[in-house]
Every structure is written in structure tokens, then in C-alpha cells.
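# Summary of structural features
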Amino acid sequence: PDEPVVAHFEKIKSGKTTVWGAFDTNKLVGILSAEIGGDYWLQTGDGRESVCFVNEFVVRPDYRGRRIGVNLTAMSIDPSSGIFSLNPSVTEMYTTVHVENITSRTAFIKGGYREVMTYKDTMRNRDTTVLKFTKTSNQFPLGNSQTE
């Protein structure tokens, strides 16, 4: 992995990075990892520590098409196993996907995230979609409801 990915996963020790995994028996078949702060926040919001950003999201190619990605995205915001229960100070979850990556965008949307905007990302020479889930949206996936 490249340097930023290694730095992201090193933050597991401090609790800044959280990882959700999907397993087939003892085999890891998918992950979603998110970092508190993560360089996304609302300037007029609750501050950098109230935002979590999904940095890595991957499902093994031979396991795709089984809703593993949808389940991982839903789990990341689930009221009992997601970021809001693990770190109650977090109020928003964000991620970005390449416009061409319809599978990832669909997994996040089916998991409960909503599109904020799509923009022309000139640094990466692509179009990028920003997605988010807000703790107060009361639209939890998988039939869950907020219990607070």
C-alpha cells in the first residue's frame, strides 16, 4: 500500500481509524475503514472530530455481487455497530467515489448514504461524488432505527 494508506491504518492503534470487516469463515473478504477527522468537516459544524471519512472500501473480486459492500456501508452507520455508537461525538460520515465506480456508489446509497454533490476533480483528472450520512437523518438502513 502507498504511504497515505499505511498512515491511515496506523491510526487504528489510537482509535482514530475504525475498520469493519466481512468474513467467510476465517477469510477476510471485504473491509471498510474510516478515520475521525479525515480532512472533511463542516466549517460551521461541530468541528473536525465530529466527522468521520471513509478512506478504504474494498470487496474481494470473487465475492462481489453478494451484497457484502452494501452490508459494510450499512454497518458503518448502524446505530448499534456503526461509528455513532463507537464514537458518540461523531455526527457525520463522509466518503468520495469516482463517478465511473457505479458499484461503490450504489453500495453506499443502498447502505444509507446520500449524495451531497459531484464535482470535477482536476487534481485526479476525474469526476468525484461526495456521499454522506448524518446521525440525525433518522434513515438507518437494514430496518434499524436510532435508539437514542
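Each remark here, short or long, concerns the structure printed above.
As the structure is a prediction and not an experimental result, all values here were calculated from the model.

### What about the side chain of Ser 33?
- The residue Ser 33 is located in strand β2 (residues 27-36) in this model.
- In this structure Ser 33 comes out as buried when scored by relative accessible area, which is 0%.

### Some details on the packing of helix α2 (residues 68-76) against helix α4 (residues 102-111)
- Put simply, α2 and α4 touch, their axes get as near as 8 Å, and they point 50° apart. Considering the angle they form, α2 stands oblique to α4. In this structure, the crossing between α2 and α4 has a hand that is right-handed. Where α2 abuts α4, its residues Gly 69, Val 70, Thr 73 and Ala 74 lie against Ala 107, Phe 108, Lys 110 and Gly 111.
- Residue classes in the contact of α2 with α4 are distributed as four nonpolar, three polar and one charged.

### Some remarks on the pattern of salt bridges
- In the structure shown here, the tally under the stated rule is five salt bridges.
- For Asp 62, the salt bridge goes to Arg 60, with nearest N and O atoms at 3.0 Å.
- Asp 62 gets classed as partly exposed once you look at its relative accessible area, which sits at 44%.
- The closest approach of N and O atoms between Lys 132 and Glu 92, which form a salt bridge, is 2.8 Å. A residue pair is termed long-range when its members are at least 10 positions apart, and Lys 132 in strand β6 (residues 126-134) and Glu 92 in strand β4 (residues 92-98) qualify at 40 residues.
- With a relative accessible area of 7%, Glu 92 lands in the buried category.

### Topic: the nonpolar core
- Among the nonpolar cores identified, the biggest contains 22 residues, and Met 93 and Tyr 113 are the most heavily contacted of them.
- The set of elements that each furnish at least two residues to this core consists of β1 (17-24), β2, β3 (51-59), α2, α3 (83-86), β4 and β6.
- Per-element tally for this core: the top contributor is β2, with four residues.
- Excluding its chain neighbours within four sequence positions, the residues that come into contact with Met 93 are Trp 20, Ala 34, Cys 52, Val 54, Ser 76, Ile 77, Ile 83, Tyr 113, Leu 131, Lys 132 and Phe 133.

### Digging into the packing of aromatic side chains
- According to the stated counting rule, one finds four aromatic pairs in the structure shown.
- Seen from their ring centres, Phe 108 and Tyr 113 are 5.0 Å apart, and the 90° between their planes marks the pair as edge-to-face.
- With a relative accessible area of 1%, Phe 108 lands in the buried category.
- A residue is classified by how much of its surface remains accessible, and Tyr 113, at 0% relative accessible area, is buried.
- Here the aromatic residues Phe 57, Phe 84, Phe 108, Tyr 113 and Phe 133 are joined through ring pairs into a cluster of three or more.

Parameters at a glance
Residues numbered from 1 in each chain as written. Predicted model: local features only at pLDDT ≥ 70, side-chain atom pairs only at ≥ 80, totals over all residues. Heavy atoms only, no water. Helix = DSSP H or I, 4+ residues; strand = E, 2+ residues; numbered from the N terminus. Buried < 20%, exposed > 50% of the residue type's maximum accessible area, 1.4 Å probe, protein only. Axes fitted to C-alpha atoms, helices over the stretch in contact; angles between N-to-C directions. Parallel < 35°, antiparallel > 145°, perpendicular 65-115°, else oblique. Left-handed = near helix turned anticlockwise from the far one by under 90°. Contact = heavy atoms within 4.5 Å. Nonpolar A, V, L, I, M, F, W, Y, C, P; charged D, E, K, R; others polar. Salt bridge = Lys/Arg side-chain N within 4 Å of Asp/Glu carboxyl O. Core = buried A, V, L, I, M, F, W, Y, C linked by side-chain atoms within 4.5 Å. Phe/Tyr/Trp six-rings, centres within 6.5 Å; stacked < 30°, edge-to-face > 60°.

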